[in-house]
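In case you want the letters, here they are:
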Amino acid sequence: GKLNDAFDTATEYFRVTNDGKFGIGTNNPDFEFQVEDSSGAAVIRVKDGANNKIVDLIASSTGGLLRTIGSYPLVLNTNQTERMRIDSSGKVGIGTTSPSRVLHVQASTSKTNSVEHVLQLNHISSGTTTTGFGAGIRFAVKEIMVQYRL
């Protein structure tokens, strides 16, 4: 069915199909919830009105965007536990709620007699590996550079 403005005009604002799909900006949604805007970017905004916190999910001609509006972090959880955050200054924390660097990775472990790997880099080669090619990590500070090959 559809709901029209004041129930007496032909302006359709959303549609619920017979199979339960909900569409805004489309009369034929392909998914359970679909938002389209034929005039440009489509935006889904979620707002905590009591605390004025806003998160937007946007699809536009330049790609997809997930953003916060205001000076607060974007937090990603799995299994109802924080795993990563991007704070309001752009610092990324994995395993920490207070990143102190551009990328701050912290592992919490109870191991006392073994090594806990925090970062793993893999290089998969589809051809012949030649000396000088492969996985590596580079640390650079101005003109001092340390490079490790794996």
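Refer to the structure presented above.
Residues numbered from 1 in each chain as written. Predicted model: local features only at pLDDT ≥ 70, side-chain atom pairs only at ≥ 80, totals over all residues. Heavy atoms only, no water.

To continue, consider the pairing of strand β2 (residues 12-16). A regular strand carries its side chains on alternate faces of the sheet. Judged from the three bridges that link them, β2 and strand β3 (residues 22-24) form a sheet pairing that is antiparallel. Bridge pairing links valine 16 to phenylalanine 22 in β3. Where β2 hands over to β3, the hairpin turn is made up of five residues, of which glycine 20 adopts a positive phi near 90 degrees. (Pairing = 2+ DSSP bridges. Helix = DSSP H or I, 4+ residues; strand = E, 2+ residues; numbered from the N terminus.)

This brings us to the sheet that holds strand β5 (residues 42-48). Backbone-to-backbone hydrogen bonds pair the strands of a sheet. The strands run either parallel or antiparallel. Pairing is antiparallel in the open sheet, where three strands are placed in the order β5-β6-β7. Two strands bound the open sheet, and with one partner strand each, they are β5 and β7 (63-69). Geometrically, the sheet is characterised by an average inter-axis angle of 10 degrees between neighbouring strands, direction not taken into account. Strand direction decides the pairing type here: β5 and strand β6 (residues 53-60), joined by seven bridges, are antiparallel. Following the sheet pairing, aspartate 48 is matched in β6 by lysine 53. (Axes fitted to C-alpha atoms, helices over the stretch in contact; angles between N-to-C directions.)

Let us now look at the sheet that holds strand β8 (residues 74-78). Strand order in the open sheet formed by four strands is β8-β9-β10-β11, with mixed pairing between adjacent strands. Only two strands of the sheet have a single neighbouring strand rather than two, namely β8 and β11 (103-105). Between one strand and the next, the sheet's axes are offset by a mean angle of 20 degrees, whatever the strand orientation. Pairing geometry for strand β10 (residues 92-94) and β11, over three bridges, is parallel. Residue pairing for β11: glycine 93 is matched across the bridge by histidine 104.

Here the focus is a nonpolar patch on the surface. Residues Ile94, Leu103, Val105, Val118 and Leu119 make up a contiguous nonpolar surface patch of about 440 Å² in total accessible area. Looking at where valine 118 falls in the secondary structure, it is placed in the loop between β11 and β12 (136-141). Under the relative-accessibility criterion, valine 118 is labelled partly exposed at 45%. (Patch = residues over 30% accessible without salt bridge, like charges linked within 9 Å, V, L, I, M, F, W, Y side chains within 5 Å. Areas by Shrake-Rupley, 256 points an atom, 1.4 Å probe, with all protein chains shown as cover. Salt bridge = Lys/Arg side-chain N within 4 Å of Asp/Glu carboxyl O. Buried < 20%, exposed > 50% of the residue type's maximum accessible area, 1.4 Å probe, protein only.)

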